[in-house]
Amino acid sequence: MTVEGTHNLWGDLHHPELSPEQADFSVIGIPYDGLASARKGAALAPERLRYWSRHLTPFSEDRTRLKGMTVCDLGDFPITDPERDYVLVRQKIASLPNMPIVIGGDHSVSIPVLQGQRVRYAGQRLGILWVDAHPDLCDVFDGSHLSHASVLRRAMESGIEPFDICMVGLRSWEDQEIDLIENGGLHVYTAANVAERGMKNIAESIRNILNDCDAIHISLDIDCLDPSVAPGTGIPEFGGLTSRDVLTLLKSMQGLPLVGLDVVEIAPPLDPSESTVFAGLKIIMEYIAVIARARQK
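Here goes a summary of the coordinates provided. Remember, it's a predicted structure, so these values are computed and weren't measured experimentally. (Residues numbered from 1 in each chain as written. Predicted model: local features only at pLDDT ≥ 70, side-chain atom pairs only at ≥ 80, totals over all residues. Heavy atoms only, no water.)

Turning our eyes to something else, we now look at the state of the cysteines. Scanning all chains against the criterion turns up 0 disulfides. Distance from the sulfur of Cys138, which forms no disulfide, to the nearest cysteine sulfur (Cys224) is 19 Å. Of the residues examined, Cys138 reaches a relative accessible area of 0% and is grouped as buried. (Disulfide = S-S within 2.5 Å. Buried < 20%, exposed > 50% of the residue type's maximum accessible area, 1.4 Å probe, protein only.)

In structure tokens form, the structure reads like this:
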């Protein structure tokens with residue numbers, strides 16, 4: 001679908017003449033929600049995110065100019081058989097010469113993204129900033145080891161160490177996750193912790209932990225946000241992070257060795273206002289701004 005927008009794709013940052021070797025970021029859409037356990041709709045997110053990205057401006061909220069940053073949009077990666085196709089996604093991520101921004105899709109699409117990042121940064125400490133209402137630490141869920149509830153378990157099996165994982169916004173649990181949460185060495189900051197301590201305090205703790213990593217990937221499920229802010233998601237959880245919490249967290253990561261972002265579980269059909277889509281777009285653009293400010297300094 002095309003749209004006559006105020007700007008070009010990704011707020012004028014997309015340059016179709018550039019290859020991934022020449023651009024700062026590669027955007028990859030994975031329009032798949034076949035492993036979501038509840039309400040569907042996340043497969044439609046990449047199209048809607050691109051559609052409305054033409055109405056964004058090349059500035060962050062603090063007026064950081066983003067025009068010097070370049071995006072190569074590689075289009076969508078179709079998934080018909082996750083067992084087979086996720087291997088191809090992993091290989092694609094592992095071979096990228098620049099920073100991936102992946103737009104899902106349900107959270108299962110992050111399994112090959114995190115595995116690919118582990119391959120990219122083999123021999124180095126790869127940290128994960130996990131921003132989500134759910135831990136997604138199930139071994140098998142709904143009969144699948146590739147479920148959107150198993151993402152972080154598969155990431156740890158690929159060699160990402162639990163002490164290099166910071167989880168923010170959690171407020172829902174499965175029995176099979178509790179032992180890892182309580183005894184597995186993960187750093188857990190619930191949504192209630194954020195409300196009590198404040199995000200600036202939480203973010204400082206996270207920086208102190210992830211500062212020792214060689215590379216850091218951010219995996220953000222839109223249901224980290226309270227459903228009053230982002231209702232368009234498969235399993236909305238009451239009592240979530242505020243939009244300001246998430247933006248403060250992102251901005252606080254400036255200066256750390258960030259190497260990629262995925263934004264998942266945006267389900268446009270579940271939010272006719274499309275506020276959830278715009279939340280996802282804001283997160284992506286503010287992430288780009290974090291990289292831009294670090295480079296400008």
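Having seen it, we continue.
A few words now on the packing of aromatic side chains. Any aromatic ring pair is given by two values, namely how distant the centres are and how the planes are angled relative to each other. Considering all chains together, one arrives at 3 aromatic pairs under this definition. When the ring of Tyr32 is compared with that of Tyr86, the centres are 6.4 Å apart and the planes differ by 90°; the resulting orientation is edge-to-face. With Tyr32 in the loop between β1 (25–30) and α1 (45–53) and Tyr86 in helix α2 (residues 82–95), this residue pair connects regions lying 54 residues apart in the sequence. Taken individually, Tyr32 and Tyr86 each receive the classification buried, so the pair is uniform in this respect. Aromatic ring contacts, followed pair by pair, group Tyr51, Trp52 and Phe278 into a single cluster. (Phe/Tyr/Trp six-rings, centres within 6.5 Å; stacked < 30°, edge-to-face > 60°. Helix = DSSP H or I, 4+ residues; strand = E, 2+ residues; numbered from the N terminus.)

Ranked by internal contacts, the top residues of the largest apolar core, which has 57 residues, are Leu129, Ile206 and Ile288. Broken down by element, the residue count for this core peaks at 12 residues, all from helix α9 (residues 275–296). Beyond its immediate chain neighbours, meaning those up to four positions away, Ile206 contacts Leu129, Cys166, Val168, Tyr189, Leu249 and Met253. Counting residues in hydrophobic clusters, the runner-up holds 35 residues, among them Val89, Leu152, Leu180 and Leu186. (Core = buried A, V, L, I, M, F, W, Y, C linked by side-chain atoms within 4.5 Å. Contact = heavy atoms within 4.5 Å.)

A word on the packing of helix α8 (residues 243–252) against α9. At a closest axis distance of 9 Å, the pairing of α8 and α9 adopts a crossing angle of 25°. Viewed along their axes, α8 and α9 adopt a mutual orientation that is roughly parallel. When the axes of α8 and α9 are compared, the crossing they make is right-handed. Facing Val246, Leu247, Leu250 and Lys251 of α8, the residues of α9 in contact are Lys282, Ile283, Glu286, Tyr287, Val290 and Arg293. Partitioning the contact of α8 with α9 into residue classes produces 6 nonpolar, no polar and 4 charged. (Axes fitted to C-alpha atoms, helices over the stretch in contact; angles between N-to-C directions. Parallel < 35°, antiparallel > 145°, perpendicular 65-115°, else oblique. Left-handed = near helix turned anticlockwise from the far one by under 90°. Nonpolar A, V, L, I, M, F, W, Y, C, P; charged D, E, K, R; others polar.)

Our focus in this paragraph is the pattern of salt bridges. Pairing between side chains becomes possible if they bear opposite charge and their charged atoms approach one another. This model, assessed by the stated rule, comprises 13 salt bridges. Where Arg84 meets Asp85, a salt bridge forms, and the shortest distance between an N and an O atom there is 2.8 Å. Between Asp164 and Arg125 there is a salt bridge, with the nearest N and O atoms lying 2.5 Å from each other. One end of the pair, Asp164, is in the loop between α4 (151–157) and β5 (165–170); the other, Arg125, is in the loop between α3 (110–120) and β4 (126–131), and 39 residues separate them in sequence. Taking the relative accessible area as the measure of exposure, Asp164 reaches 2% and is therefore buried. The class of Arg125 is partly exposed, set by a relative accessible area of 32%. Each of Glu47, Arg48 and Glu274 takes part in a single network of salt bridges with overlapping partners. (Salt bridge = Lys/Arg side-chain N within 4 Å of Asp/Glu carboxyl O.)

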